[in-house]
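Notes for the structure review
Next come the chains, spelled out residue by residue.
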Amino acid sequence: MGSFHDMQAYIDGSALRYTARCDCGWDGKTRWSRASAMIDVGTHAVDTGHYPVPVPATTAEPVLVLKAS
Ligand SMILES: [Zn+2]
């Protein structure tokens, strides 16, 4: 559980439509590459002191289910 000070900036979206977002309500531009959205996250983090989350991944990415059998 974080405190009210722990605003987290992260990337939302899927392939070709990445958007940097933050718990403070800030949204970045929609980017076609994850790298560009990461730059937005980093810039926002520097500007505000909010915490960048490197890889959200669990819900934003297509899930590949691999069964080793
Ligand atoms: Zn923020």
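Conventions adopted
Here, residues in each chain are numbered from 1, in the same order as that chain's written sequence. Thresholds applied to this predicted model are a pLDDT of at least 70 for local features of residues and 80 or more for the giving and counting of side-chain atom pairs; totals over whole chains, interfaces and linings are not thresholded and use all residues. Strands are runs of DSSP state E lasting at least two residues, helices are runs of H or I lasting at least four, and both sets are numbered from the N terminus onward. Partly exposed residues are those whose C-beta has more than 12 but fewer than 20 other C-beta atoms within 10 Å; with 20 or more the residue is buried, with 12 or fewer it is exposed, and the C-beta atoms are placed from the backbone. By definition, residues are in contact whenever their C-beta atoms, placed on the basis of the backbone, come within 7 Å of each other. For this analysis, nonpolar core means a set of buried Ala, Val, Leu, Ile, Met, Phe, Trp, Tyr and Cys residues linked through C-beta atoms within 7 Å. Pairing between strands is defined by DSSP: at least two bridges between the two strands are required.

**Structural notes on the overall build of the protein chain**
Counting its regular elements, the protein chain contains one helix and four strands. Counting from the amino terminus, the protein chain carries its helices and strands in the arrangement β-β-β-α-β. Evaluated residue by residue, the protein chain yields a buried proportion of 20% over its 69 residues. For the protein chain, long-range pairs separated by at least 24 residues make up 40% of all intrachain contacts whose partners lie at least 6 apart in sequence.

**Here's the deal with the nonpolar core**
The biggest cluster of nonpolar side chains holds nine residues, and these are Ala9, Tyr10, Ile11, Tyr18, Ala20, Cys22, Ala37, Met38 and Val41. When contributions to this core are tallied by element, the ones reaching two or more residues are β1 (8–14), β2 (17–22) and α1 (34–48).

**Points about the pairing of β2**
Pairing of β1 with β2, which is carried by six bridges, proceeds in the antiparallel orientation. Residue aspartate 12 lies in a different strand from β2, and its bridge partner there is threonine 19. Hairpin connection of β1 to β2: two residues between the antiparallel strands, including leucine 16 at a positive phi of 75°. The pairing of β2 with strand β3 (residues 27–31) spans three bridges and is antiparallel.

**Details of the sheet that holds β2**
With mixed pairing, four strands are arranged side by side in an open sheet as β3-β2-β1-β4. Of all strands in the sheet, those bounded by a partner on one side alone are β3 and β4 (51–52). Two elements, β1 and β4, share two bridges in a ladder whose sense is parallel. Counted as the bridge partner of alanine 9 is proline 52 from β4.

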